[in-house]
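Each chain, letter by letter, is given below.
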Amino acid sequence: MSRSAELFARAAAVTPGGVHSPVRAFRRVGGTPVFIRSAQGSQLEDVDGRRYVDFCMAFGPLILGHAHPTVMQAVNEAVSRGWSYGAAESGSLELAELITGRLPWVERLRFVNSGTEAVMSALRLARAATGRTVILKFAGCYHGHVDSMLIRAGSGLAAAGVGGVADSAGITPGVAADTVVLPLDDNAALERLFTARGSELAAAIIEPLPANYGLLPQRQEFLDALAWQCQQHGALLIFDEVITGFRTAFGGMAEITGIRPDLVTYGKIVGGGFPVGAFGGRRDVLELVAPLGPVYQAGTLSANPVAMAAGLATLRQLTDGTAYLALEESGRLLDELLRGIPGLRLQRFGSLFWLVLDDMPAPAPMRSPAGLSERAVARFGPFFHALLAAGIYLPPSPYEVGFLSTAHTVEDLKKLASTVHATVRKVPDLSY
Ligand SMILES: *Cc1c(COP(=O)(O)O)cnc(C)c1O
């Protein structure tokens, strides 16, 4: 028995499914998860001493790779000064200034501890600002495990396949009723909904580049129409940039699309791999938050100084834009290396990529969750394990995207590509 399997058996005896976040349990790919003992650059090492090139990168935060020396130094320095004060300190000020100084749509922001918290707070704020109740979301977009957002969401839920009104048990019909869901990429449905219920909507929330049900790039015209409808009907537009913020560009998809959201949520990269989320946006809206306004929001560990130091050290590496050029170059190389492989389709945007194990011709990118075939889902498990055995760690689900970091080398990408070449043809022969 491997050391990982031993640890997993012990873990299953003390925590549900042996993990603290469901997708880590390998349910979607079968087998038992590997336990990681260390990570450096683009590499993971498990407790059995096996090494992997990591294309999961903690699901997004590690745009600079694991254990980046500059971030590590900042974290070590911060730790040496004590790691939690429950009082005002300047690391959060510097990080907030860095963000608000560069992103004009973030006039004010507040730090929280996760992307989920950021979304939860943004929704409460939108309801308070508008005096309305209903939130519009899009099928296949994931916004964390906030009750009202666990409706037709992606990420681990896509894999869990739990159905009904909500994607999760334990959500009241009242909460579910306050969330309306539309398909992505459907301007006509947008128009119909806003015409019928526009005046009830507190906000529309969207991942402007949905990346939790594979990667589903949206047409600019669709996002423009959403922004326009929101404005016409007095609903706030919330861009959930927890994955895309500081990744597709420093200013994420708001920068790329030129659309100015009323509110925006960040997470993942903003904490450099430590637990940080943030919500921000229009000053008049953010000033409704306590202690200035009536919207309560608080956190014992919010803006933790060690996490702030990690976020600050990470974002400072990204401000001059060279990281994004390098990441795009890596992405293009990946396109080239993976082009024309039968049985494989690649959807990529910058440093986010999605491997789909189906032969479907690709006239246009998939833009809604409906595009993923059962075959592609079924083939993913054996594919994942073949890659794992060859020393490649992909996110363990057909619905999760892969992440490139600035630590990935050309050799890493070539290793991924050659392993994929060697594996894809064999996948249909493997039973799952
Ligand atoms: C990861 C993610 C979240 C949730 O963030 P957590 O830190 O996991 O709570 C919310 N929205 C999007 C778009 C995400 O990718």
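Residues numbered from 1 in each chain as written. Predicted model: local features only at pLDDT ≥ 70, side-chain atom pairs only at ≥ 80, totals over all residues. Heavy atoms only, no water.

> Please explain the overall build of the protein chain as it appears in this structure.
The secondary structure content of the protein chain amounts to 14 helices and 14 strands. Compactness check: the protein chain gives a C-alpha radius of gyration of 21 Å against a globular reference of 22 Å for 432 residues, within 12% of the reference. Based on the C-alpha atoms only, the size of the protein chain along its principal axes is roughly 55 × 55 × 45 Å. Each of the 432 residues in the protein chain was classed as buried or not, and the buried ones make up 56%. As presented, the protein chain carries roughly 17,900 Å² of accessible surface, and 54% of it is formed by carbon and sulfur atoms. Across the protein chain, the 37 positively charged side chains and the 39 negatively charged ones have centroids separated by 3 Å. (Helix = DSSP H or I, 4+ residues; strand = E, 2+ residues; numbered from the N terminus. Rg over C-alpha atoms; globule rule 2.2 N^0.38 Å. Buried < 20%, exposed > 50% of the residue type's maximum accessible area, 1.4 Å probe, protein only. Areas by Shrake-Rupley, 256 points an atom, 1.4 Å probe, with all protein chains shown as cover. Lys, Arg positive; Asp, Glu negative; His and termini not counted. Charge placed at Lys NZ, Arg CZ, Asp CG, Glu CD.)

> Is there a simple way to think about the site of the ligand in this case?
Surveying the vicinity of the ligand reveals the residues Ser-114, Gly-115, Thr-116, Tyr-142, His-143, Gly-144, Glu-207, Asn-212, Asp-240, Val-242, Ile-243 and Lys-268. The backbone of Tyr-142 places a nitrogen or oxygen atom 3.3 Å from a nitrogen atom of the ligand. Compared with its free state, where it exposes 380 Å², the ligand has 83% of that area covered by protein. For the shell around the ligand, the class distribution of residues is 3 nonpolar, 6 polar and 3 charged. (Near = heavy atom within 4 Å. Polar contact = N/O pair within 3.5 Å; in protein donor to acceptor, adjacent residues only side chain to side chain. Nonpolar A, V, L, I, M, F, W, Y, C, P; charged D, E, K, R; others polar.)

> It is not clear to me how the sheet that holds strand β9 (residues 263-266) should be interpreted in this structure. Could you clarify?
Either a parallel or an antiparallel arrangement is found when strands of a sheet pair, and the pairing is made through backbone hydrogen bonds. On the basis of which strands lie adjacent, the open sheet formed by 7 strands has the order β4-β10-β9-β8-β7-β5-β6 and mixed pairing. Among the strands making up the open sheet, the edge pair consists of β4 (108-112) and β6 (179-182). Neighbour-to-neighbour, the strand axes of the sheet open up by a mean angle of 20 degrees, direction not taken into account. Bridge count for strand β7 (residues 201-206) against strand β8 (residues 236-240) is 4 bridges, and the pairing is parallel. (Pairing = 2+ DSSP bridges. Axes fitted to C-alpha atoms, helices over the stretch in contact; angles between N-to-C directions.)

> Explain the packing of helix α13 (residues 374-389) against helix α14 (residues 410-424) to me, please; I cannot follow it from the model alone.
Axes are the key here: two packed helices are described by the angle between their axes and the distance separating the axes. The interhelical angle for the contact between α13 and α14, taken along N-to-C directions, is 130 degrees, at an axis separation of 10 Å. Between α13 and α14, the angle is such that the two are oblique. The element α13 and its partner α14 pack so that their crossing is right-handed. Residues Arg-379, Phe-383, Ala-386 and Leu-387 of α13 form the contact with α14, whose participating residues are Leu-416, Thr-419, Val-420, Thr-423 and Val-424. Classifying every residue of the contact of α13 with α14 by side-chain character gives 6 nonpolar, 2 polar and 1 charged. (Parallel < 35°, antiparallel > 145°, perpendicular 65-115°, else oblique. Left-handed = near helix turned anticlockwise from the far one by under 90°. Contact = heavy atoms within 4.5 Å.)

> Please explain the environment of Ser-368 as it appears in this structure.
For Ser-368, the position within the fold is in the loop between β12 (352-356) and α13. Between the alpha carbons of Ser-368 and Phe-138 there is a distance of 9.5 Å; along the sequence they are 230 residues apart. Setting aside its immediate chain neighbours within four residues, Ser-368 contacts Leu-184 and Leu-216.

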